[in-house]
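Here's the letter readout for the chains.
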Amino acid sequence: MNFYQRGIECMDTDADLAKKLFDKAIRVGDNVGSAASCLGYLISKEDPKTAIELYRKAIDAGEVKMAANNLALLIEEDYPEEAESLYMKAIEAGSNKLAPRNLALLIRMSDPKRAVSLFRQAALNGNSQYLEKDLRPLIRSGVECAVRLYEALLVSADGKKAAELAQLVEEWDTEKAEMLYATAMSSGDNYDAPRCLGRLLRESQPQRALDLFAVAARHGNTEGMFEDVKPMIKNGVLEALEFFERSVITQDGRGAADLAQFLEKEDPGKARGLYAAAVEAGAGGLTCTKLADLLRDEDPARALELYERAIKEGDEFSVPIRCAKMIMDRDPDRTLDLLQLAGKAGNYTELSDVLMPLIADGSERAMQLYEKYVIATDELDGDSRIQDLATYLHDKNPHKAVELYKRLFHTDLKGEAMYSYGILIQKESPGKAKEAFRMAIAAGNEQYATCALARLIEDENPAMAIELFERSLAVKYDSDVVNELGIVRASKDLDLAKDTFVEAMEAGDKLCAPCNLPHLLIPDDPNRAADLYLSILEQNEPEVALGLSFLVRESDPALAANLLNRAIVNREDREPLRFFLTFLALADKETALNACKYFANQGFSAAPGIASEIMFGSAYDPAKGTVSLKKGTCEDDAACEWIVL
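Residues numbered from 1 in each chain as written. Predicted model: local features only at pLDDT ≥ 70, side-chain atom pairs only at ≥ 80, totals over all residues. Heavy atoms only, no water.

Here we look at the overall build of the chain
Line of reasoning, step 1. Regarding its fold elements, the chain presents 40 helices and two strands.
Line of reasoning, step 2. A compact globule built from 645 residues would reach a C-alpha radius of gyration of about 26 Å, whereas the chain, at 43 Å, exceeds it by more than 25%.
Line of reasoning, step 3. With the principal axes as the frame, the chain shows a C-alpha extent of 130 × 70 × 50 Å.
Line of reasoning, step 4. Put simply, of all contacts in the chain between residues at least 6 apart along the chain, 43% involve residues at least 24 apart.
Line of reasoning, step 5. Carbon and sulfur atoms make up 46% of the accessible area of the chain, which totals about 33,000 Å².
Line of reasoning, step 6. Of the side-chain charges in the chain, 76 are positive and 109 negative, and the distance between the mean point of each set is 6 Å. (Helix = DSSP H or I, 4+ residues; strand = E, 2+ residues; numbered from the N terminus. Rg over C-alpha atoms; globule rule 2.2 N^0.38 Å. Contact = heavy atoms within 4.5 Å. Areas by Shrake-Rupley, 256 points an atom, 1.4 Å probe, with all protein chains shown as cover. Lys, Arg positive; Asp, Glu negative; His and termini not counted. Charge placed at Lys NZ, Arg CZ, Asp CG, Glu CD.)

If you want it as structure tokens, here you go:
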């Protein structure tokens, strides 16, 4: 039975049956070479190893023409020399279509002239379908025989193909390219060829280039032409701008958008008119968006109309965001609809910025959109998006921020989240805040959480606060923290506190330490204190003016008064005076009492009360002019009476 012939008959309709028939043909000796070659072809993709064995069997049985070619295709990547030999065997056996082209592709870059000869052989025998593609790398490399073959076989058959060849040779032979473009135009290509030749000549022959662009424009090839003339306009060829307006925009008003984009920064008024003309001519999408951007402040209603049109035409990525920003204060529902469009389009970065203010105002739908299109969309870093929102809401909507921080307690961001959570709750729940700070420290937030905990416990446990500040500084030096450390140390060791402020100044602190240190120096080293105050006087810190004014009150009363008037805008503001007197009292109570009396005489109504609180733990009632002493806090009733007076 002729198994091989039956296999050939069903090879295209039932490959599985054909495989079985070819296999039987090989086993019974029915056309073994041809059957092995056909079976190898059918299984070459699924089982290349067996296919190679079958092709070799076919070659041994005398079926060289197809089997050698197909075997070479399978092994050429790993065994190029053997593949070359097999292709030659196939060619010698009569394969003049497939094997010559395959061998040419194998040796194309190593032996280009021989490859061109093989491409010619294949093409003349009917295998010219991919000749243009096959020759491109050789032509780009300047292989002239490849150019001649292209001309002989392709351009001679269709003169318009000369333009395609010209594009390949223009980088290394502009004269040849110019001649080929001319050939294409004489063959009737007035669409692509004149435009390509115009680009080639625009620097050397600008006027001729414009004439060529005009030919292409007359034949309808205007799309994107502004990119062709833009280099000429930049080089000062004014005729190029006139040409574009005359020959392109008049034919297709949508081209005005390209010129508008070029002029947008230099001449926004003209750009606006050109965008409007392009929109009128039917340009949509990006052109509508560009025009809307220019009209947003001048004509918001028209801008919104254009944005909506751009959205309808498919721009749902960034335009809905711009539109939403314009209406979010007056149309929250439409705003959220627009933001949902942007979310569906994947624009979660811009979406996040617009949703945050809405969430801060309490919009539940905005929060749902943020969850769906920002947090859930960012698969790699959704927790960071939660943190971003919580940080934004920290001051604007603390209650919501607290909820979000809690969601991060079991993530890699727990150290920062617990710290921020503690900051928000420390006034109403100091105990919970302390625990949050401790957990944040345990989670690795050594720098900030330690300082926050130190500030919270510095009154009840100054020793621990000092230890925590020092722990923070061990992570990263911060002059502000050094100053806080100095303040806490001042209550325990005045000399150590002074050294701390000196250390901060040596590390580059030019404001806080030079302000705090002289407060402590006033009793024992007033001259140095004055020098420090003067070094930062221009910073206009109220405490500096207070301290220096007190120091020069007797030697230069006019300067003292000027300092107070210059720096202290509101004499009812307790904090600068309180801060100054607190430090001064740590250094010397008697000097602080004298300072209090001085400031009270200068019109600072808060001075007696602050002094009584700092000195004696008492509360001064300015309406009654009395001091209510806390039990056991004052041993000198005369001093209290002195404060009131």
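More follows now that the structure is in view.
Brief notes about the nonpolar core
Line of reasoning, step 1. Ranked by size, the top nonpolar core spans 205 residues in total, and within it Leu339, Leu355 and Phe599 carry the most contacts.
Line of reasoning, step 2. Apart from the residues within four sequence positions on either side, Leu339 is in contact with Ile321, Ala324, Leu351, Val354, Leu355, Leu358 and Leu369. (Core = buried A, V, L, I, M, F, W, Y, C linked by side-chain atoms within 4.5 Å. Buried < 20%, exposed > 50% of the residue type's maximum accessible area, 1.4 Å probe, protein only.)

As for unusual backbone geometry
Line of reasoning, step 1. Of note in the backbone geometry, Asn31 takes a positive phi value of approximately 50° without being a glycine.
Line of reasoning, step 2. If you trace the backbone, Asn31 turns up in the loop between helix 2 (15–28) and helix 3 (32–43).

Side note on the layout of surface pockets
Line of reasoning, step 1. Looking at the largest pocket, its volume works out to about 360 Å³.
Line of reasoning, step 2. When residues of the lining of the largest pocket are traced back to their parent elements, those giving at least two are helix 31 (479–490) and helix 37 (574–587).
Line of reasoning, step 3. Within the lining of the largest pocket, the residues separate by chemical class into six nonpolar, two polar and four charged.
Line of reasoning, step 4. A volume near 310 Å³ is recorded for the second largest pocket.
Line of reasoning, step 5. Around the second largest pocket, the lining comprises 16 residues; the ones closest to its centre are Glu223, Asp252, Arg254, Gly255 and Asp258.
Line of reasoning, step 6. Only helix 17 (256–263) and helix 19 (286–295) provide two or more residues apiece to the lining of the second largest pocket. (1 Å grid on protein atoms, 1.4 Å probe; cavity = no way out; pocket = protein on both sides within 12 Å on 5 of 7 lines; lining within 4 Å. Points joined across faces, edges and corners; volume = space filled by probe spheres on them. Nonpolar A, V, L, I, M, F, W, Y, C, P; charged D, E, K, R; others polar.)

Some words on the pattern of salt bridges
Line of reasoning, step 1. Throughout the structure, instances matching the rule amount to 27 salt bridges.
Line of reasoning, step 2. Across the salt bridge formed by Lys161 and Glu164, the nearest N and O atoms sit 3.6 Å from each other. With Lys161 and Glu164 both in helix 11 (residues 161–169) and three residues apart, this pair spans about one turn of that helix.
Line of reasoning, step 3. Within this structure, Glu132, Arg136, Lys161 and Glu164 form a network of salt bridges that share partners. (Salt bridge = Lys/Arg side-chain N within 4 Å of Asp/Glu carboxyl O.)

Examining the environment of Ala163
Line of reasoning, step 1. Its place among the elements puts Ala163 in helix 11.
Line of reasoning, step 2. The class for Ala163 is buried, based on a relative accessible area of 7%.
Line of reasoning, step 3. If we skip the residues at most four places from it in the chain, Ala163 touches Leu180, Tyr181, Ala184, Asp189 and Ala193.

With respect to the environment of Asp60
Line of reasoning, step 1. Inspection of the secondary structure assignment puts Asp60 in helix 4 (residues 48–60).
Line of reasoning, step 2. Its relative accessible area of 71% is what places Asp60 among the exposed residues.
Line of reasoning, step 3. Along the primary structure Asp60 and Val32 are separated by 28 residues, whereas in three dimensions their C-alpha atoms are 9.8 Å apart.

Things to note about the packing of aromatic side chains
Line of reasoning, step 1. Under the definition given, this model contains 13 aromatic pairs.
Line of reasoning, step 2. Summarising the aromatic geometry, the rings of Phe550 and Tyr598 are spaced 6.1 Å apart at their centres and angled 55° between planes, so their arrangement reads as tilted. Of this pair, Phe550 sits in helix 35 (residues 542–551) while Tyr598 sits in helix 38 (residues 589–601), and the two are 48 residues apart along the sequence. Comparing Phe550 with Tyr598, the two get one shared label, buried.
Line of reasoning, step 3. Put simply, the rings of Phe550, Phe580, Tyr598, Phe599 and Phe604 pair up and form one aromatic cluster.
Line of reasoning, step 4. Between the NZ or CZ atom of Lys396 and the centre of the ring of Tyr392, over which it lies, the distance is 4.3 Å.
Line of reasoning, step 5. The ring of Phe550 carries Arg553 above its face, with NZ or CZ at 3.9 Å from the centroid. (Phe/Tyr/Trp six-rings, centres within 6.5 Å; stacked < 30°, edge-to-face > 60°. Lys NZ or Arg CZ within 6 Å of the ring centre and 35° of its normal.)

Comments concerning the confidence of the model for the chain
Low-pLDDT portions of the prediction should not be read for the details of their coordinates.
Line of reasoning, step 1. Residues with a pLDDT of 70 or more make up 93% of the chain, whose mean pLDDT is 87.
Line of reasoning, step 2. Predicted confidence is poor over residues 618–645, with pLDDT under 50, and the contacts of this stretch with residues over four places away or in other chains come to 41 contacts. (pLDDT = per-residue confidence, 0-100.)

Let's talk about the packing of helix 37 against helix 38
Line of reasoning, step 1. Packing of helix 37 against helix 38 brings their axes to within 7 Å, and their N-to-C directions diverge by 155°. Here helix 37 lies roughly antiparallel to helix 38, going by the angle between them. For the pair helix 37 and helix 38, contact is made by Leu577, Phe580, Leu581, Leu584 and Ala585 and by Lys589, Thr591, Ala592, Ala595, Cys596 and Phe599, respectively.
Line of reasoning, step 2. In terms of residue class, the contact of helix 37 with helix 38 is made up of nine nonpolar, one polar and one charged. (Axes fitted to C-alpha atoms, helices over the stretch in contact; angles between N-to-C directions. Parallel < 35°, antiparallel > 145°, perpendicular 65-115°, else oblique.)

Details of helix 38
Line of reasoning, step 1. Given a rise of 1.5 Å per residue, 13 residues ought to cover 18 Å, and the 18 Å separating the end C-alpha atoms of helix 38 matches this to within 8%.
Line of reasoning, step 2. After helix 38 finishes, the residue Gly603 shows a positive phi value of roughly 100°. (Expected span 1.5 Å × (residues − 1).)

Thoughts on a negative patch on the surface
Line of reasoning, step 1. Taken together, the side chains of Asp493, Asp495, Asp499, Glu503, Glu506 and Asp524 present a region of like negative charge at the surface.
Line of reasoning, step 2. Tracing the backbone shows Glu503 in helix 32 (residues 494–506). (Patch = residues over 30% accessible without salt bridge, like charges linked within 9 Å, V, L, I, M, F, W, Y side chains within 5 Å.)

Comments concerning the side chain of Ser352
Line of reasoning, step 1. Within the secondary structure layout, Ser352 lies in helix 23 (residues 348–360).
Line of reasoning, step 2. Ser352 sits in the buried class, given a relative accessible area of 8%.

Side note on the packing of helix 10 (residues 144–155) against helix 12 (residues 174–186)
Line of reasoning, step 1. At a minimum axis distance of 14 Å, the contact between helix 10 and helix 12 shows a crossing angle of 0°. It follows from the interaxial angle that helix 10 and helix 12 lie roughly parallel. Counting all contacts with helix 10, which are made through Val147, Glu151 and Val155, the residues of helix 12 involved are Lys176, Met179, Leu180 and Thr183.
Line of reasoning, step 2. Class assignment for the residues of the contact of helix 10 with helix 12 results in four nonpolar, one polar and two charged.

Regarding the side chain of Arg101
Line of reasoning, step 1. When you line up the elements, Arg101 lands in helix 7 (residues 98–107).
Line of reasoning, step 2. By relative accessible area, which is 17% here, Arg101 ends up buried.

Things to note about the state of the cysteines
Line of reasoning, step 1. The full count for this structure, using the stated rule, is zero disulfides.
Line of reasoning, step 2. A disulfide-free cysteine, Cys38 has its sulfur positioned 11 Å from the sulfur of Cys10, the nearest such atom.
Line of reasoning, step 3. Cys38 gets classed as buried once you look at its relative accessible area, which sits at 13%.
Line of reasoning, step 4. Residue Cys515 stays outside any disulfide, its sulfur separated by 7.5 Å from that of Cys512, the closest cysteine.
Line of reasoning, step 5. The exposure class of Cys515 is buried, given its relative accessible area of 5%. (Disulfide = S-S within 2.5 Å.)

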